[in-house]
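# Descriptive structure summary
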Amino acid sequence: LLFLDLDNFKHINDSLGHAVGDQLLQSVANRLVAGVRVTDTVCRQGGDEFVILLSEIEQPQAAARVAKILRSELALPHLIDGHELHVSLSIGISVFPDDGSDVDMLMQNADTAMYHAKASGRDNYQFFKAEMNARAVRRQIVESSLRRALKHNEFLLHYQPQFDLESGEITGAEALIRWQDPEYGLVGPAQFISIAEECGLIVPIGQWVLREACSQIRAWLDAGLSAVPVAVNISAVEFRHEAFLGGVAKILRETGLAPHYLELELTENMLMHDAESSATVLVALRAMGVTLAIDDFGIGYSSLGYLKRFPIDTLKIDQSFVRDFATEIDDGTIVSAIIGMGKSLRQRVIAEGVESAEQLAFLRERQCDEGQGFHFSHPLPAADFARLLAGTRDIAHAVPA
Ligand code: C2E
Ligand code: MG
Ligand code: MG
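Residues numbered from 1 in each chain as written. Chains lettered and ligands numbered in written order. Predicted model: local features only at pLDDT ≥ 70, side-chain atom pairs only at ≥ 80, totals over all residues. Heavy atoms only, no water.

### Section: the pairing of strand E8 (residues 155-164)
Burial of E8 is extensive: eight of the 10 residues sit out of reach of the surface. Sheet analysis places E8 next to strand E9 (residues 170-181), joined by nine bridges and oriented antiparallel. Looking across to E9, one finds that Leu157 is bridged to Ile177. Two strands pair when backbone bridges link them, and E8 and strand E17 (residues 380-381) are joined in this way by two bridges, in the antiparallel orientation. Its bridge partner lying in E17, His158 is registered against Pro381. The pairing of E8 with strand E16 (residues 370-371) spans two bridges and is classified as antiparallel. If you follow Asp164 over to E16, its bridge partner there is Glu370. (Buried < 20%, exposed > 50% of the residue type's maximum accessible area, 1.4 Å probe, protein only. Helix = DSSP H or I, 4+ residues; strand = E, 2+ residues; numbered from the N terminus. Pairing = 2+ DSSP bridges.)

Structure, rendered in structure tokens:
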């Protein structure tokens, strides 16, 4: 079984358009079919992936020969719409019965071998080997891509507005990282943050996020917009890093941003992990003038005693309580309790993940101050968020005052 993936197809598709991309896929498909025997099966797996079943080979080396032929067939330029397009292939090979006795296993192992081919510089083929652990391979690829992304400035921030549920005014925003990967397109943080944490890259990435957010707010202020404070998510690894405090101070100094425009989002577990030293860092951050929020509040492990001692400005009620309040009676109770607690500790309370008018009504009834969620606005590119600040962009579901 051959698992084939075109290298850099995304780039062609993005730069020349889908019509050209589609024709290129057809041209590739024709050459693949022409390059194998009639008894073989060629299928498009989706996107720029193809799978070929060679049903009548005597030994594995015959599969390697086919892979070589296909690569040289594909290497000739494709003439499409006046463009001379070059594509190369990364191919993974799995062999029955050694690499799997059923379709799923063979497919998965060929896919893993294909990732290995990508990781070893693309434009080559690899046989599956037992020591190729799928997760490890993917991790290694993401890690090396993240290094490149940092160097080539492939990260960007989207900004999701937060609203006062009473007046409908924008009270702040959360900066959320995105990765514009040249091959895979816009990638969300769920796909790469945990890997960046595992390999330590979260530290330079986090610095980039802080610097980008601070210079963006500064630019909005300089442009005369009524900018709002922006919250930046901080990972546990960054928070514990010795250079963290110094880094925040340096970025504030270099961008010349007034510190109250910067809020840092931390999680309960992160703070409770070593509560004493967390308290020291929080106090130092507060002294710098930045504000502090607890993200995803309610799902972690908290000690109320510490919560009282930590200098926290904002509690963000986790999405799960907001989502299920109508079906889970307990969730409604928890939301009410968090709101009550936040108010008595004089904290701002923001409900996350507000998706519907019912959820909004429920939160208002419980006197929740603020909300954030798709009901108001998805996270927006910086330019769109600036239009929102300037009042020239409509909010689909603006909160009625
Ligand atoms: P989070 O900090 O809890 O961020 C909220 C997430 O919920 C965002 O996902 C946002 O797009 C999504 N969201 C907002 N409104 C709604 C809604 O109404 N319904 C639903 N279902 N989802 C909503 P995103 O951008 O994919 O970020 C996921 C997580 O990745 C964040 O969770 C945060 O923990 C982490 N993250 C994002 N940006 C950064 C960053 O710059 N640094 C670090 N360390 N972590 C980040
Ligand atoms: Mg957050
Ligand atoms: Mg959250």
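### Digging into the layout of surface pockets
If you add up the space inside the largest pocket, you get close to 800 Å³. If you go around the largest pocket, you meet 38 residues; those closest to its centre are Glu174, Leu176, Pro189, Asn233 and Asp295. Counting residues per element, the lining of the largest pocket draws most heavily on E9, which supplies five residues. Partitioned by chemical class, the residues of the lining of the largest pocket number 17 nonpolar, 11 polar and 10 charged. (1 Å grid on protein atoms, 1.4 Å probe; cavity = no way out; pocket = protein on both sides within 12 Å on 5 of 7 lines; lining within 4 Å. Points joined across faces, edges and corners; volume = space filled by probe spheres on them. Nonpolar A, V, L, I, M, F, W, Y, C, P; charged D, E, K, R; others polar.)

### What about the environment of Arg323?
Positionally, Arg323 belongs in helix H13 (residues 319-323). Residue classification places Arg323 among the partly exposed positions, given a relative accessible area of 45%. Residues Arg323 and Ser226, 97 residues apart in the sequence, show an inter-C-alpha distance of 31 Å.

### Regarding the nonpolar core
In this structure, Phe239 and Leu264 are the most contacted members of the largest nonpolar core, which totals 79 residues. Top contributing element to this core by residue count: helix H7 (residues 202-222), with nine residues. Ignoring any residue separated from it by four or fewer positions in sequence, one finds Leu264 in contact with Leu210, Val232, Ile234, Phe244, Leu285, Val290, Thr291, Leu292 and Ala293. If you look at the next biggest cluster of nonpolar residues, it comprises 26 residues, including Phe9, Leu25, Leu54 and Ala67. (Core = buried A, V, L, I, M, F, W, Y, C linked by side-chain atoms within 4.5 Å. Contact = heavy atoms within 4.5 Å.)

Read these as spatial facts, not as claims about activity.
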